[in-house]
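Coordinate analysis (summary)
Chain by chain, the residues run as shown.
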Amino acid sequence: MNVLLSIKPEFVEKIFSNEKKYEYRKSIFKQKVNKVIIYATRPEGKIVGEFSIDSILHDDPDSIWNLTNNYSGITHSFFREYFDHRNEAFAIKIGEVKKYIVPIDPKSFDFPFTAPQSFLYVDDEYRPLSQKSETLDELTLF
């Protein structure tokens, strides 16, 4: 199963440079996902690459930070603000990364494309597997 994740361009670059090896989320997929398709949010607004999932960590935010901070790609204050008042946190450990030579403009698709607020299950042609995407409580994603 593939999932399309919306990620801010500044964090996408850190994933591609190997500075960021964990993608943090407040909630996680209900289906087994092997590959993450990266949608770089505005101003880029394109599908720019993909990565495999090495593992998914689940614990309280402090424990997740202690395990992952060396490769977080973010500051501790940003992390704390993101997980403020949360009892649980998820960290997707990024496996093999593939940056597309030519980013894919979703406007070229022969179906309507709406960037997910959080993530969307998709097939190998980036078509949604369901009309309803799963969302997070808040739109601040990284």
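What counts and how
- Residues numbered from 1 in each chain as written.
- Predicted model: local features only at pLDDT ≥ 70, side-chain atom pairs only at ≥ 80, totals over all residues.
- Heavy atoms only, no water.
- Helix = DSSP H or I, 4+ residues; strand = E, 2+ residues; numbered from the N terminus.
- Rg over C-alpha atoms; globule rule 2.2 N^0.38 Å.
- Buried < 20%, exposed > 50% of the residue type's maximum accessible area, 1.4 Å probe, protein only.
- Contact = heavy atoms within 4.5 Å.
- Lys, Arg positive; Asp, Glu negative; His and termini not counted.
- Charge placed at Lys NZ, Arg CZ, Asp CG, Glu CD.
- pLDDT = per-residue confidence, 0-100.
- Polar contact = N/O pair within 3.5 Å; in protein donor to acceptor, adjacent residues only side chain to side chain.
- Arc of directions from axis to C-beta.

**A look at the overall build of the protein chain**
Scanning the protein chain from terminus to terminus reveals three helices and six strands. Tracing the protein chain from N to C terminus, the helices and strands come up as β-α-β-β-β-α-α-β-β. A globule of 142 residues ought to have a C-alpha radius of gyration of about 14 Å, and the protein chain, at 14 Å, matches this closely. Here the protein chain, with 142 residues, has 42% of them falling under the buried criterion. Partitioning the contacts of the protein chain with sequence separation of at least 6, the portion at a separation of at least 24 is 74%. In the protein chain, 19 positive and 22 negative side-chain charges are present, and the distance between their average locations comes to 2 Å.

**Digging into the confidence of the model for the protein chain**
Predicted confidence across the protein chain gives a mean pLDDT of 90, with 91% of residues reaching 70 or more. Per-element confidence in the protein chain ranges from a low mean pLDDT of 92 for strand β6 (residues 119-122) to a high of 98 for helix α2 (residues 61-68). Note on residues 131-142: pLDDT is under 50 here. Beyond four places in sequence and across chains, it has 39 contacts.

**So, the side chain of Glu23**
If you trace the backbone, Glu23 turns up in strand β2 (residues 22-25). Within the local environment of Glu23, its side chain forms a polar contact with the side chain of Arg25, the two groups lying 2.8 Å apart.

**Overview of the environment of Lys107**
Residue placement: Lys107 occurs in the loop between β5 (89-104) and β6. Along the backbone, Lys107 and Lys46 are 61 residues apart, and their C-alpha atoms lie at a distance of 8.9 Å.

**Structural notes on helix α1 (residues 9-16)**
For an α-helix, 3.6 residues make a turn, and residues three or four places apart therefore share a direction. When we look at burial in α1, the residues that qualify are Phe11, Val12, Ile15 and Phe16. For α1, the angular spread of buried residues about the axis comes to 145 degrees, placing them on one side. Those residues of α1 that are buried lie in contact with β1 (2-7), β2, β3 (35-40), β4 (46-59), α3 (76-82) and β5. At the exit of α1 stands Asn18, carrying a positive phi of roughly 70 degrees.

**A short note on unusual backbone geometry**
As a rule of thumb, non-glycine residues mostly have phi less than zero, and peptide bonds are mostly trans rather than cis. That bond from Arg42 to Pro43 is cis: its omega, 15 degrees, falls within 30 degrees of zero. Phi is positive for Asn18, which is not a glycine, with a value near 70 degrees. As for its position among the elements, Asn18 is in the loop between α1 and β2. Even without being a glycine, His85 presents a positive backbone phi close to 65 degrees. Within the element layout of this structure, His85 appears in the loop between α3 and β5. For His85, a relative accessible area of 76% gives the class exposed.

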